[in-house]
2 protein chains.
Amino acid sequence: MRLTTKGRYAVTAMLDLALHAERGPISLADISKRQDISLSYLEQLFSRLRQSSLVSSVRGPGGGYRLARSGAEICVAEIIDAVNESVDATSCGGNSDCSGGEQCLTHYLWTDLSRQIHSFLNGITLADLVQRAEVQEVARRQDIRGGAEEKVAIIGGLQ
Amino acid sequence: MRLTTKGRYAVTAMLDLALHAERGPISLADISKRQDISLSYLEQLFSRLRQSSLVSSVRGPGGGYRLARSGAEICVAEIIDAVNESVDATSCGGNSDCSGGEQCLTHYLWTDLSRQIHSFLNGITLADLVQRAEVQEVARRQDIRGGAEEKVAIIGGLQ
DNA sequence: TATATAGCCGAGCATTCTGGTCGGGTATTG
DNA sequence: CAATACCCGACCAGAATGCTCGGCTATATA
């Protein structure tokens, strides 16, 4: 199983999208500034996210990315799957050929753990995260720091 | 958070130790053969395990490694911690400086996940694994394949 | 129609980790 | 003294991570 900054970045960026959904398409440049993630790296991640139908893109000026579905219908596990291609804790991927054709001693332990992690991350949607007070707190600070976009004067609902 | 073959190997090797505890010290060469793990790599892993006081060593012929405590007192999380040095899902390690000095949006999500995984792996001891039918099944096959060590004629308890 | 925006895309690259080899120690048993 | 088996450090190929850079295409606006 792999769980690194890659997946973290992807979830963070998707959450940024969910938080600013009312502003219309969000450019990667905005996300890059707000979340302090390299623009080119974001492009790579969003290429995968688009292929997995988690976001849709709008090209040209004023364009950017939108969530393909509502935040309530996108769970964290999907996002990590999209960029990481494997959320499995076993090495054999369930093939039970871990230890020289045989099943390794701890095979069942890792399948259990995988199930555990997966069900945890499956139970959390972007909408859940948006609701959380700490997330809103951080998001508000980021908007202020980033010079509170002029496109939309006041974003309702947060304050 | 890191969860790779390294941790898997360590847990597998420790479980092998727990399974053959009655035979006295177990050599890494034996584990290497049974579990199909490179001997030199095992040496590196056991160096860490020894530093973390999870195993004790006996040098010289007939020597090997023993669990430092009973299997019921060693949980899987400890083993992974010992070789992996980090079972943390956050990038900042709880310092909240993930995103340019600030806390990243998803900080709490990763701390929650870390807690989840840790408590799961903390709840499983080597003794628990030894008890499991699938583990005993695999272990028996390995012993037969490996030519059922002559040192101890019949290992009580398994059959 | 020109220009700026912003999504796309591929090559390349430094750094780190993994999983491993090799060679040489040292303690202990017989 | 020789064999066993722990100990330890150096080194290495391959893969992944997190980037950069350069160039392309679609679209909105002046």
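Throughout what follows, the structure given in this document is the object of discussion. Computed from a predicted model, the values in this text were never measured in an experiment. (Residues numbered from 1 in each chain as written. Chains lettered and ligands numbered in written order. Predicted model: local features only at pLDDT ≥ 70, side-chain atom pairs only at ≥ 80, totals over all residues. Heavy atoms only, no water.)

1. A look at the overall build of chain A
Cut-off, in case you're wondering: Numbering of helices and strands runs from the N terminus, with a helix taken as a DSSP run of H or I at least four residues long and a strand as a DSSP run of E at least two residues long. Each residue gets one of three labels from its accessible area relative to the maximum for its type: buried under 20%, exposed over 50%, partly exposed in between, using a 1.4 Å probe on protein chains only. Any pair of residues with heavy atoms lying within 4.5 Å of one another is described as a contacting pair.
For chain A, the count of helices and strands is 7 helices and 2 strands. Moving toward the C terminus, one meets the helices and strands of chain A in the order α-α-α-β-β-α-α-α-α. In chain A, which comprises 159 residues, the proportion classed as buried is 46%. Counting only contacts in chain A whose residues sit at least 6 apart along the sequence, the fraction spanning at least 24 positions is 63%.

2. As for the packing of helix H1 (residues 5-19) of chain B against helix H4 (residues 76-84) of chain B
Residue and element names in this part refer to chain B. Quick note on the threshold: Helix axes use the C-alpha atoms of the stretch in contact, all axes being lines fitted to C-alpha atoms, and the angles between their N-to-C directions lie in the range 0 to 180 degrees. Small angles under 35 degrees read as roughly parallel and large ones over 145 as roughly antiparallel, with 65 to 115 read as roughly perpendicular and the rest as oblique. The crossing is said to be left-handed when, going from far helix to near helix, the turn is anticlockwise and less than a right angle, and right-handed when the turn is clockwise. Asp, Glu, Lys and Arg are counted as charged, while Ala, Val, Leu, Ile, Met, Phe, Trp, Tyr, Cys and Pro are counted as nonpolar; the rest, among them Gly, fall into the polar class.
One way to put it is that H1 packs onto H4 with a least axis distance of 9 Å and a crossing angle of 130°. On the basis of their axis angle, the class for H1 and H4 is oblique. Handedness of the H1/H4 crossing: right-handed. Together, Lys6, Gly7, Ala10, Val11 and Met14 of H1 and Val76, Ile79, Ile80, Val83 and Asn84 of H4 make up the contact between the two elements. Residues that form the contact of H1 with H4 fall into these classes: 7 nonpolar, 2 polar and 1 charged.

3. Digging into H4(B)
Burial within H4(B) is extensive, with 7 of its 9 residues counted as buried. Residues of H4(B) that are buried include every one of B:Val76, B:Ala77, B:Ile79, B:Ile80, B:Ala82, B:Val83 and B:Asn84, and no others. Where the residues of H4(B) are buried, they touch helix H5 (107-122) of chain A together with H1, helix H3 (39-51), helix H5 (107-122) and helix H6 (126-131) of chain B.

4. Points about the protein's contact with DNA strand D
Let me state the cut-off plainly: Any residue with a non-hydrogen atom lying within 4 Å of a molecule or strand is treated as near it. Under the rule applied, a polar contact is a pair of N or O atoms within 3.5 Å (in protein, one hydrogen donor and one hydrogen acceptor; residues adjacent in sequence only if both atoms are side-chain atoms).
Contacts to DNA strand D come from 27 residues, most closely from A:Thr5, A:Arg59, A:Pro61, B:Ser57 and B:Tyr65. The contact in question runs from a base oxygen of DNA strand D to an N or O atom on the side chain of A:Arg59, over 2.5 Å. A per-class count over the surface near DNA strand D returns 8 nonpolar, 13 polar and 6 charged.

5. Quick look at the pairing of strand S1 (residues 55-58) of chain B
Residues and elements named next belong to chain B. Selection rule: Between any two strands, pairing holds if DSSP finds at least two bridges.
Bridge analysis of S1 against strand S2 (residues 64-67) gives 4 bridges, and the strand direction is antiparallel. Residue pairing in the sheet places Ser57 in a bridge with Tyr65 of S2. Taking the residues that link successive antiparallel strands as the turn, the S1-S2 hairpin has 5 residues, and the phi of Gly60 there is positive, at about 85°.

The values are spatial; any link to function lies outside them.
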